[in-house]
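# Structure at a glance
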Amino acid sequence: SPAVVYVEIEFYKRYEVEDGIFLTPIPANHSIECCGYLIQNDQGAVLFSGDTFKNSKLWDFINKQESIKALIIDVSFPNRLAKIAQDSKHLTPRFLHEELQQLHNEDLKIYVNHLKPFYRDEIIGELKEVGIFEDQILKDGEHISLKNGLLQRSALRYTTQQKIQKLNKIGT
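A brief look at the structure comes next.

On a plain count of helices and strands, the protein chain comes out with five helices and eight strands. The secondary structure elements of the protein chain, listed N-terminal to C-terminal, are β-β-β-β-α-β-α-α-β-α-β-β-α. Computed over C-alpha atoms, the radius of gyration of the protein chain comes to 17 Å, within 12% of the 16 Å expected from 2.2 N^0.38 for 172 residues, which places it in the range of a compact globule. Across the 172 residues that make up the protein chain, the buried fraction comes to 39%. Long-range pairs, those at least 24 residues apart, make up 48% of the contacts in the protein chain with a sequence separation of at least 6. Of the roughly 10800 Å² that the protein chain leaves accessible, carbon and sulfur atoms contribute 51%. Looking at the protein chain, you have 21 positive and 24 negative side-chain charges, and the mean spots of the two groups are 3 Å apart.

The following block contains the structure:
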């Protein structure tokens, strides 16, 4: 039997990926067709936006789902590169701030990912200006609880070499 089986997915269709763990693909607004995912169990859910730009469908979906405890959203460029962000369909801190005005759930925890490394410090400073702080920026090895949306920081940090070795073991 094959090691990997590709399955075409449909937006808004719920897929059970493990016992009691479900993924629901949500349309993203990006330069190529892609999606984010609602990751859900019987205790709660986290929504991962995937690569996305301004996306009213995302906020409509979030506002209708009381089970969502946290959102992981893409912020790739600093505000001064808004044109590049818009053309490549990624968010800046300012664009994210504008988008968050559509959110009705004030208890939703917001986490940011996909910062372009070259602009990381600049983006972090601009996120602070709109009320998103460094502890809301995700790092490798962290976990978010589906039950309450709280971030669980890992004390274990891998070096680049360790990450490569771990990736090389996959499929062997």
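This next bit is on the packing of aromatic side chains. For the structure on display, the rule yields four aromatic pairs. Note on Phe 53 and Phe 95: the rings are 5.3 Å apart at their centroids and 90° apart in plane angle, and the pair reads as edge-to-face. Of the two residues, Phe 53 is situated in the loop between strand E4 (44–48) and helix H1 (56–64) and Phe 95 in helix H3 (residues 93–100); the sequence distance between them amounts to 42 residues. Across the pair, exposure class does not vary: Phe 53 and Phe 95 are buried alike. Ring geometry for Phe 118 and Tyr 119: centres 5.2 Å apart, planes at 90°, overall edge-to-face. On the basis of relative accessibility, which here comes to 75%, the residue Phe 118 falls in the exposed class. One aromatic cluster is present, built from ring pairs that chain together Phe 77, Phe 118 and Tyr 119. Positioned above the aromatic ring of Phe 22, the side-chain terminus of Arg 14 is 3.6 Å from the ring centre.

Right, let's talk about the sheet that holds E4 for a bit. Two orientations exist for strands paired in a sheet by backbone hydrogen bonds: parallel and antiparallel. Strands sit in the order E1-E2-E3-E4-E5-E6 across an open sheet of six strands; the sheet is mixed. Of all the strands in the sheet, just strand E1 (15–18) and strand E6 (109–113) have a single pairing partner and so form its edges. Within this sheet the neighbouring strands show an average axis-to-axis angle of 25°, counted without direction. Summarising the sheet, E1 and strand E2 (residues 21–27) pair through three bridges and their orientation is antiparallel. Opposite Tyr 15, over in E2, you have Leu 23 as the bridge partner.

Glancing now at the side chain of Glu 126. For Glu 126, the location among the structural elements is in helix H4 (residues 120–129). One buried charged residue, Glu 126, forms no salt bridge at all, with the nearest opposite charge on Arg 80 at 6.2 Å.

Once that is clear, we can look at H1. For H1, the full list of buried residues reads Leu 58, Trp 59, Phe 61 and Ile 62. All buried residues of H1 lie within an arc of 160° about the axis, which places them on one face of the element. Relative to its buried face, H1 has exposed residues pointing more than 90 degrees away, namely Lys 57 and Lys 64.

To continue, consider H3. Residues spaced three or four apart along an α-helix face the same direction, because each turn holds 3.6 residues. Of all the positions in H3, only Pro 93, Phe 95, Leu 96, Glu 99 and Leu 100 are classed as buried. Buried positions in H3, seen along its axis, are confined to an arc of 160° and lie on one side of it. Here the buried face of H3 lies against H1, strand E5 (68–74), helix H2 (82–88), E6 and H4.

Cut-offs used in this document
Per chain, the residues get numbers from 1 upward, laid out in the order the sequence is written. Side-chain atom pairs in this predicted model are given and counted only at pLDDT of 80 or more, local residue features only at pLDDT of at least 70, and totals for whole chains, interfaces and linings cover all residues. Only hydrogens and water are removed before side-chain values are computed, so all heavy atoms of the structure are retained for them. Think of it this way: any DSSP run of H or I at least four residues long counts as a helix, any run of E at least two long counts as a strand, and we number them from the N terminus. Values of the radius of gyration come from C-alpha atoms, whereas the globule rule sets the reference at 2.2 Å times the count of residues to the power 0.38. Partly exposed describes any residue whose relative accessible area lies between the buried limit of under 20% and the exposed limit of over 50%, with all areas from a 1.4 Å probe on protein chains only and scaled to the type maximum. The contact criterion used throughout is that any non-hydrogen atoms of two residues lie within 4.5 Å. In short, Shrake-Rupley with a 1.4 Å probe defines the accessible areas, and a residue's cover is counted only from the protein chains shown. When charges are counted, Lys and Arg contribute as positive and Asp and Glu as negative, whereas His and the chain ends are disregarded. The atom standing in for a charge is NZ when the residue is Lys, CZ when it is Arg, CG when it is Asp and CD when it is Glu. Planes of paired rings set the category: under 30 degrees apart is stacked, over 60 is edge-to-face and the rest tilted, where pairs are Phe, Tyr or Trp rings (Trp by its six-membered ring) whose centres lie within 6.5 Å. In this scheme, the term charge over a ring applies when either NZ of a lysine or CZ of an arginine sits within 6 Å of the ring centre and within 35 degrees of the ring normal. For two strands to be treated as a pair, DSSP must find at least two bridges joining them. Only the contacting stretch of a helix is used when fitting its axis, a line to C-alpha atoms as for every element, and angles between N-to-C directions run 0 to 180 degrees. Within this document, salt bridges are pairs made up of a side-chain nitrogen of Lys or Arg and a carboxyl oxygen of Asp or Glu, the two lying within 4 Å of each other. What the arc measures is the spread of directions leading from the helix axis to the C-beta atoms.

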